[in-house]
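Here's the letter readout for the chains.
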Amino acid sequence: QVITITAMNVLTYTLGILIIGGWSEWKKGVIIILKLPILYALFLALIIRGLNVDMPDALMTPLKWVSDGMAPIALITLGAQLGNSGLSLRHPKQLWITVGARLLMCPLLAWLLIHAMGFNGLLARVLFVSSAFPTAVATVLFGIEYDKEPAFAADVVFITTLLSAISVTGAISLSAVLF
């Protein structure tokens, strides 16, 4: 799951930036990507991990605090966006297509990829269940940062989070049958 999340974050902070900026502005997107500290931090972490370097507690403790605070800050930002714009539902057709793609098409795509790669057992089940998770709060943060439909992004995150109680439960049950 860590490998999956890492790959998703790299794609989000590279391809996601290019998509949200529009393909016509790809040069500007590449410059933005090269300025993002998260990619440099990821590569540094991989090097440190690969060299098996033990980091001092004086450095790890504050990093752990920052890490632990990420989810609450992201959720506060989502709450602030929803508080600012409310549940807008301005583009209902696009909203439900996006929600359906995230909660229905992603597990189908995951099932196809899991079979194509020959995964089975617990690994296959974990990957399949994680494909039914709601849209990440980072979507709202990108919408706010790049002024690209933050209200729509907040709607998608909110609705997929509500419906994920059904999608994740269904994926758990289905994974026991499929794998």
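Residues numbered from 1 in each chain as written. Predicted model: local features only at pLDDT ≥ 70, side-chain atom pairs only at ≥ 80, totals over all residues. Heavy atoms only, no water.

Asks: Summarise unusual backbone geometry; cite the residues concerned and give the values.
Replies: Backbone geometry at Asp-147 places phi at a positive 50°, although glycine is not the residue there. Here Asp-147 lies in the loop between helix H8 (138–145) and helix H9 (150–178). For Glu-149, which is not glycine, the phi torsion reads 55° and is therefore positive. Glu-149 sits in the partly exposed class, given a relative accessible area of 44%. (Helix = DSSP H or I, 4+ residues; strand = E, 2+ residues; numbered from the N terminus. Buried < 20%, exposed > 50% of the residue type's maximum accessible area, 1.4 Å probe, protein only.)

Asks: Lay out the packing of aromatic side chains in plain terms, naming residues and giving numbers.
Replies: The tally for this structure, following the rule as stated, stands at two aromatic pairs. Ring plane angle 45° and centroid distance 6.0 Å describe the contact between Phe-142 and Tyr-146, whose orientation is recorded as tilted. For Phe-142, a relative accessible area of 12% gives the class buried. (Phe/Tyr/Trp six-rings, centres within 6.5 Å; stacked < 30°, edge-to-face > 60°.)

Asks: Provide a residue-level description of the environment of Gln-81, including the pertinent values.
Replies: Mapping Gln-81 onto the fold places it in helix H5 (residues 57–85). Classification of Gln-81 as buried rests on a relative accessible area of 10%. Remark: the alpha-carbon pair of Gln-81 and Ala-153, spanning 72 residues in sequence, is separated by 9.4 Å. Excluding its chain neighbours within four sequence positions, the residues that come into contact with Gln-81 are Gly-86, Val-140, Ile-144, Pro-150, Ala-151 and Ala-154. (Contact = heavy atoms within 4.5 Å.)

Asks: Can you break down the packing of helix H6 (residues 92–117) against helix H7 (residues 121–130) residue by residue, with the values?
Replies: Remark: H6 packs on H7, axes separated minimally by 8 Å, with the N-to-C direction vectors making an angle of 155°. Considering their axes alone, H6 and H7 lie roughly antiparallel with respect to each other. In the crossing of H6 with H7, the sense of the turn from one axis to the other is right-handed. Here Arg-102, Pro-107, Trp-111 and Ile-114 of H6 come into contact with H7, specifically with Ala-124, Leu-127, Phe-128 and Ser-130. (Axes fitted to C-alpha atoms, helices over the stretch in contact; angles between N-to-C directions. Parallel < 35°, antiparallel > 145°, perpendicular 65-115°, else oblique. Left-handed = near helix turned anticlockwise from the far one by under 90°.)

Asks: Which residues make up a nonpolar patch on the surface, and what values do they have?
Replies: On the surface, Leu-87, Leu-89, Trp-96, Phe-158, Leu-162, Leu-163 and Ile-166 cluster together to form a nonpolar patch covering roughly 670 Å² of accessible area. Take the nonpolar patch: its biggest share by element is four residues, from H9. As for its placement among the helices and strands, Leu-163 is situated in helix H9. Leu-163 gets classed as partly exposed once you look at its relative accessible area, which sits at 32%. (Patch = residues over 30% accessible without salt bridge, like charges linked within 9 Å, V, L, I, M, F, W, Y side chains within 5 Å. Areas by Shrake-Rupley, 256 points an atom, 1.4 Å probe, with all protein chains shown as cover. Salt bridge = Lys/Arg side-chain N within 4 Å of Asp/Glu carboxyl O.)

Asks: For the nonpolar core, give the residues involved together with the corresponding values.
Replies: Note on soluble globular proteins: their nonpolar side chains tend to be buried together. Ala-110, Ile-114, Ala-124, Leu-127, Phe-128, Val-129, Ala-132, Val-168 and Ala-171 together form the largest nonpolar core, which totals nine residues. Sorting elements by how many residues they give to this core places H7 first, with four residues. Leaving out residues up to four positions away in the same chain, Val-129 has contacts with Val-168, Ala-171, Ile-172 and Ser-175. If you look at the next biggest cluster of nonpolar residues, it comprises eight residues, including Ala-74, Leu-78, Ala-154 and Val-157. (Core = buried A, V, L, I, M, F, W, Y, C linked by side-chain atoms within 4.5 Å.)

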